[in-house]
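# Breakdown of the fold
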Amino acid sequence: LFGNEGDASPPVHKPPSGRAKNKDDDGALTRNPSKGRGRKKKVPNDHTKCQVKGCPSFPPIVDVCVCDEPSCEKTVHVACYNNLAGKYKVVVMEEHVFCTVTCQKKFQKKQAPTKLGWENDGAQGPNDGATSMYYLLQWLNDEENYHHYRDPSPSTKLEVATNISKWINDQGVRGIHTGEQTRVQIAKIETMMKEVRS
């Protein structure tokens, strides 16, 4: 059903560019009006240091950014956000920085479409092509993988589908799928492929 047409590597997500916030005359940080949320916002002078727990205390020359979750005013180094994302295995969002994983999830939830499906749940938003469907097709496109699914002995198809769903969820997609949902989705794809070939 599926041939090995070469590895379809997921797109490389660039790390955040570290939008530095401008300093006004009294030294307070302000949001860059041309980036992020597009509005200038003053940050208290006592909040000009990175507030991420475990920050290695970079020298003052390293820019500090304001967390991109609208309800948060904490400041963060881009490097500290990257370290945070790596520690908790969350996908780094392009052009954004967050002080906690909770802030990132809150931001992503607000950006999410009304209903997440297999084809619109990419980590970077509804226009991100690295969706659950993308990763499912990538897995199925490996001939050895598909043969294992078709003949899973001594396992069952549901057990294999559950492992596939866990792997897809680990890729950072915003939709969370169960093994049964994945099994049903594979059956739909198989039906569609048979109709195309008939």
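Residues numbered from 1 in each chain as written. Predicted model: local features only at pLDDT ≥ 70, side-chain atom pairs only at ≥ 80, totals over all residues. Heavy atoms only, no water.

### What to know about the confidence of the model for the protein chain
Rules: What pLDDT reports is the predictor's confidence in each residue, on a scale of 0 through 100. Elements are defined by DSSP. Helices are runs of H or I of four residues or more, strands are runs of E of two residues or more, and each kind is numbered from the N terminus. Contact criterion: two residues are considered in contact whenever any of their non-hydrogen atoms come within 4.5 Å of each other.
Across the protein chain, pLDDT averages 78, with 74% of residues at or above 70. No element of the protein chain has a lower mean pLDDT than strand β2 (residues 29–30), at 37, and none a higher one than helix α3 (residues 132–140), at 96. Segment residues 6–47 is flagged for pLDDT under 50; beyond a separation of four residues in sequence, or across chains, it makes 96 contacts in the model.

### As for the environment of K106
Formally: To sort residues, take the accessible area from a 1.4 Å probe on protein chains only and compare it with the maximum for the residue type: under 20% means buried, over 50% means exposed, and anything in between is partly exposed.
With respect to the helices, strands and loops of the structure, K106 is situated in helix α2 (residues 101–111). On the accessibility criterion, K106 (38% relative accessible area) is partly exposed. Measuring from C-alpha to C-alpha, the distance between K106 and S71 comes to 9.5 Å, with 35 residues separating the pair along the chain. Among all residues touching K106, those that are not within four sequence positions of it are E69 and S71.

### Some remarks on the packing of helix α4 (residues 143–150) against helix α5 (residues 157–169)
Axes are the key here: two packed helices are described by the angle between their axes and the distance separating the axes. Selection rule: Axis definition: a line fitted to C-alpha atoms, over the contacting stretch in the case of helices. Angles run 0 to 180 degrees between N-to-C directions. Orientation categories follow fixed angle ranges, with anything under 35 degrees roughly parallel, anything over 145 roughly antiparallel, 65 to 115 roughly perpendicular, and all other angles oblique. Residue type decides the class: Asp, Glu, Lys and Arg count as charged, Ala, Val, Leu, Ile, Met, Phe, Trp, Tyr, Cys and Pro as nonpolar, and the leftover types, Gly among them, as polar.
Their axes nearest at 8 Å, the elements α4 and α5 cross at an angle of 140°. The pairing of α4 with α5 is recorded here as oblique in orientation. Only K157, V160, A161 and I164 of α5 make contact with α4, whose side of the interface consists of H148, Y149 and R150. Taken together, the residues of the contact of α4 with α5 break down into 4 nonpolar, 1 polar and 2 charged.

### Some details on the packing of α3 against helix α6 (residues 179–197)
Using the following cut-off: Two helices crossing with the near one rotated counterclockwise from the far one by less than a right angle form a left-handed crossing, whereas a clockwise rotation gives a right-handed crossing.
Contact pair α3 / α6: the axes reach a minimum separation of 12 Å and the direction vectors enclose 70°. Considered as vectors, α3 and α6 are oriented roughly perpendicular to each other. Note that α3 runs across α6; the crossing there is right-handed. Across the interface between the two elements, M133, L136, L137 and L140 from α3 touch T182, Q185, I186 and I189 from α6.

### Comments concerning a nonpolar patch on the surface
Spelled out, the test is: In this scheme, patches are assembled from residues that exceed 30% relative accessible area and form no salt bridge. Like charges are connected within 9 Å, while nonpolar side chains (Val, Leu, Ile, Met, Phe, Trp, Tyr) are connected within 5 Å. Note that accessible areas follow from Shrake-Rupley with a 1.4 Å probe, and for residues the cover is restricted to the protein chains shown. By definition, a salt bridge exists where a carboxyl oxygen of Asp or Glu is found within 4 Å of a side-chain nitrogen of Lys or Arg.
A surface patch of nonpolar side chains, amounting to about 280 Å² of accessible area, comprises F58, I61 and V62. Looking at where V62 falls in the secondary structure, it is placed in the loop between β2 and β3 (65–66). Overall, the relative accessible area of 31% leaves V62 in the partly exposed class.

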